[in-house]
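# Working through the structure, step by step
The chain contents come next:
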Amino acid sequence: MKIAYTHELPPNKKADALVIGVYEGMKNLTKEEALQLKNLNFSGKVREVVTLPGTENFKTLIYVGLGKKSELKSDTVRLAAAKGVKSAKKVKAKKVVFELFGMDKLKEKAAKAVAEGIVLGNYQFKKYKSGKEEKFEIEKITVAGEKEYRKEFETGYILAEAANFTRDIVNEPGNVVTPEKLAEIAEEISEEYSFKCKVFKEKDLEKNQMVGILTVGRGSKNPPRFIHITYKPKNPKKRIVLVGKGVTFDSGGLNIKPEQFMKTMKSDKAGACAVLGIMKAIGQLKPDVEVHALIPTVENMPDGKAYRPDDIIVYKNGKSVEIHSTDAEGRLILADALIYGSELEPDVMIDMATLTGACVVALGHYTSGLFTEDDKLATALLKLSSETGEKMWRMPLDEDLKEDIKGTYSDLQNVGKTRYGGAITAALFLRNFVDSKKVKSWAHIDIAGPAFLDKEWKYYSAGASGQPVRTIVEFIVES
Ligand code: BES
Ligand code: ZN
Ligand code: ZN
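A brief structural summary. (Residues numbered from 1 in each chain as written. Chains lettered and ligands numbered in written order. Predicted model: local features only at pLDDT ≥ 70, side-chain atom pairs only at ≥ 80, totals over all residues. Heavy atoms only, no water.)

### Quick notes on the sheet that holds strand β4 (residues 58-67)
One open sheet accounts for six strands, arranged β1-β6-β5-β2-β4-β3; its pairing is mixed. If you trace the sheet from one side to the other, it starts and ends with β1 (2-6) and β3 (49-53), each paired once. For this sheet the average axis-to-axis angle between neighbouring strands, irrespective of direction, equals 20°. Strand contacts of helix α5 (residues 150-171): β1 and β6 (140-144), with the helix running at about 165° to β1, the strand carrying the most contacts. (Pairing = 2+ DSSP bridges. Helix = DSSP H or I, 4+ residues; strand = E, 2+ residues; numbered from the N terminus. Axes fitted to C-alpha atoms, helices over the stretch in contact; angles between N-to-C directions. Contact = heavy atoms within 4.5 Å.)

Following this line, the structure appears as structure tokens:
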């Protein structure tokens, strides 16, 4: 799908469909139009959509509710734009025009949100579908808006495309995207945007004492990898390290998962894929910030060579860990990356991971858990998150729970002594591998809930959501 921006207002080109944003009260419509819509029970409320036969220029007219003008938010614009795309697809419109999507109120923010809503709302993972019906795609969408908002419109497009890139990789199953494949994808985008890219194979992993990755990866025929991508502009203002959990399939290992929990565990690489999506956007937006992307990636499988409960491993930073469950593998591989990331002495280090089911129990499917001791960083991320619609909620790094992950025979154990506060004990575990002398500020984002949706939500179809790509890119660009 091509997408274009025009400042011809109103856009009077010909198209198969015209999508019109309508506030409650319908003041932007003619009396006859408003009356006709009222008779169809449409009043401009959020989530309302009506499709009507159009005129000669526009074969179909699609009206989408924006709600009360006084309450308009970016996320409402995204949702409305996505509803418009979906309706246009339903009538098989090839050329579509969008107008009046909140720019009179939210200005450039609406221009960005409408691009995001269109691109995110248009996304479906249908690569493996062979039916012709399902393959239909809109050819071109033109959005009408003021000239001075063009830049933000384009940024929105880049952000949403980056999120969709992430969704595409997350949605690929474990037989297609293995750790080696993830490394290949990293090399491809590095080539495209002239990033430096290092991929650590077994020997390099050993040389760097990456015991977590080597241990968890041992049970799979698909060998583990560690990926390091660097984006270094001329005069960087800051250095940011990103870390993403890349478990290409989490069977649980010897502590094998029951079937209802194993299915969808292809999504356990969502943190890694988010980091790749973020780098894609960074390659296009080129901020004055040095960015390092670190991805530990393994497949967690049971096997004769697999690691076992009771095993003890000693990390490069000297901390020893005894394994209580092979299903708490994410924190084990992230530990290597956090040690490595600390050596880069960043201003900010942010890791993102589908880390715990406990986080989903705590916050539900639609909100990520944000852990950080830095109030300023928390405030910045939460503010951006409420703007992007990628919901986050701050969680405590409760010192009193430290006792829960103290090991019997070693410094730490990889699972809490009780299951209570499981998202917090996981975050506390990670903190042991962040060198506070070298890292100014660290945040951990548990994306186990929102990274992969079991049903359609807002502008997202079921499956990978691409969270928290847009929030983190905005954060880097603002840094
Ligand atoms: N990948 C899972 C966490 C997860 C659960 C992600 C649900 C997405 C949706 C992780 O590796 C895991 O299995 N965690 C265990 C930890 C437990 C053994 C302490 C869990 O959450 O049950
Ligand atoms: Zn697991
Ligand atoms: Zn996992």
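So, next bit.
### Some words on the nonpolar core
Within the largest apolar cluster, 95 residues are counted, with the highest numbers of intra-cluster contacts made by Phe98, Phe101, Val114, Leu242, Leu276 and Ile476. The biggest single contributor to this core is helix α10 (residues 270-285), with 10 residues. For Phe98, the residues in contact, after removing those within four places along its chain, are Val19, Ala81, Gly84, Val85, Val114, Ile118, Ile141, Thr142, Val143 and Ala144. Membership of the second largest hydrophobic core comes to 47 residues, among which are Ile313, Leu334, Leu344 and Ile424. (Core = buried A, V, L, I, M, F, W, Y, C linked by side-chain atoms within 4.5 Å. Buried < 20%, exposed > 50% of the residue type's maximum accessible area, 1.4 Å probe, protein only.)

### Quick word on the pairing of strand β11 (residues 289-300)
If a strand is regular, its side chains alternate between the two faces of the sheet. Burial runs high along β11: 12 of the 12 residues are buried. Burial along β11 is two-sided: Val289, Val291, Ala293, Ile295, Thr297 and Glu299 and Glu290, His292, Leu294, Pro296, Val298 and Asn300, pointing in opposite directions, are all buried. Here strand β8 (residues 225-231) runs beside β11; their pairing, made up of seven bridges, is antiparallel. Looking at β11, one finds that Phe226 is bridged to Pro296. Note that strand β9 (residues 238-244) and β11 share six bridges and pair parallel. In the strand pairing of β11, Val241 is matched with His292. Bridge count for strand β10 (residues 246-250) against β11 is four bridges, and the pairing is parallel. Each bridged residue has a counterpart across the sheet, and for Gly246 the counterpart in β11 is Thr297.

### So, the packing of helix α4 (residues 108-122) against α5
Two measures define how a pair of helices packs: the angle their axes make with one another and the distance between the axes. At their nearest, the axes of α4 and α5 sit 7 Å apart, and the two run at 30° to each other. With respect to α5, the element α4 is oriented roughly parallel. Like other packed secondary-structure pairs, α4 and α5 cross with a definite hand, here right-handed. Of α5, the residues touching α4 (which contributes Glu108, Ala111, Lys112, Val114, Ala115, Glu116, Val119 and Leu120) are Glu152, Phe153, Thr155, Gly156, Tyr157, Leu159, Ala160, Glu161, Ala163, Asn164 and Arg167. (Parallel < 35°, antiparallel > 145°, perpendicular 65-115°, else oblique. Left-handed = near helix turned anticlockwise from the far one by under 90°.)

### Section: the environment of Gly341
Mapped onto the fold, Gly341 is located in helix α11 (residues 330-343). Residue classification places Gly341 among the buried positions, given a relative accessible area of 0%. Along the chain, Gly341 and Val243 lie 98 residues apart, while their C-alpha atoms are 8.0 Å from each other. Each residue touching Gly341, except ones within four places of it in the same chain, is listed here: Val241, Leu294, Pro346 and Met349.

### Observations concerning the site of ligand 1
Asp250, Lys257, Asp268, Asp327 and Gly357 are the nearest of the 15 residues found near ligand 1. The side chain of Lys257 places a nitrogen or oxygen atom 2.8 Å from an oxygen atom of ligand 1. Between ligand 1 and Asp327, the relevant distance is 2.8 Å, taken from an oxygen atom to a side-chain nitrogen or oxygen of the residue. Here ligand 1 has 510 Å² of accessible area as a free molecule, and 75% of this is covered by the chains. Class assignment of the residues belonging to the shell around ligand 1 gives a composition of four nonpolar, four polar and seven charged. (Near = heavy atom within 4 Å. Polar contact = N/O pair within 3.5 Å; in protein donor to acceptor, adjacent residues only side chain to side chain. Areas by Shrake-Rupley, 256 points an atom, 1.4 Å probe, with all protein chains shown as cover. Nonpolar A, V, L, I, M, F, W, Y, C, P; charged D, E, K, R; others polar.)

### Some thoughts on helix α2 (residues 74-90)
In this model, α2 (17 residues) spans 25 Å end to end at C-alpha, consistent with the 24 Å of a helix rising 1.5 Å per residue. When you tally the buried positions in α2, you get 14 out of 17 residues, the bulk of the element. Two residues or fewer past α2, Lys92 is found with a positive phi of approximately 55°. (Expected span 1.5 Å × (residues − 1).)

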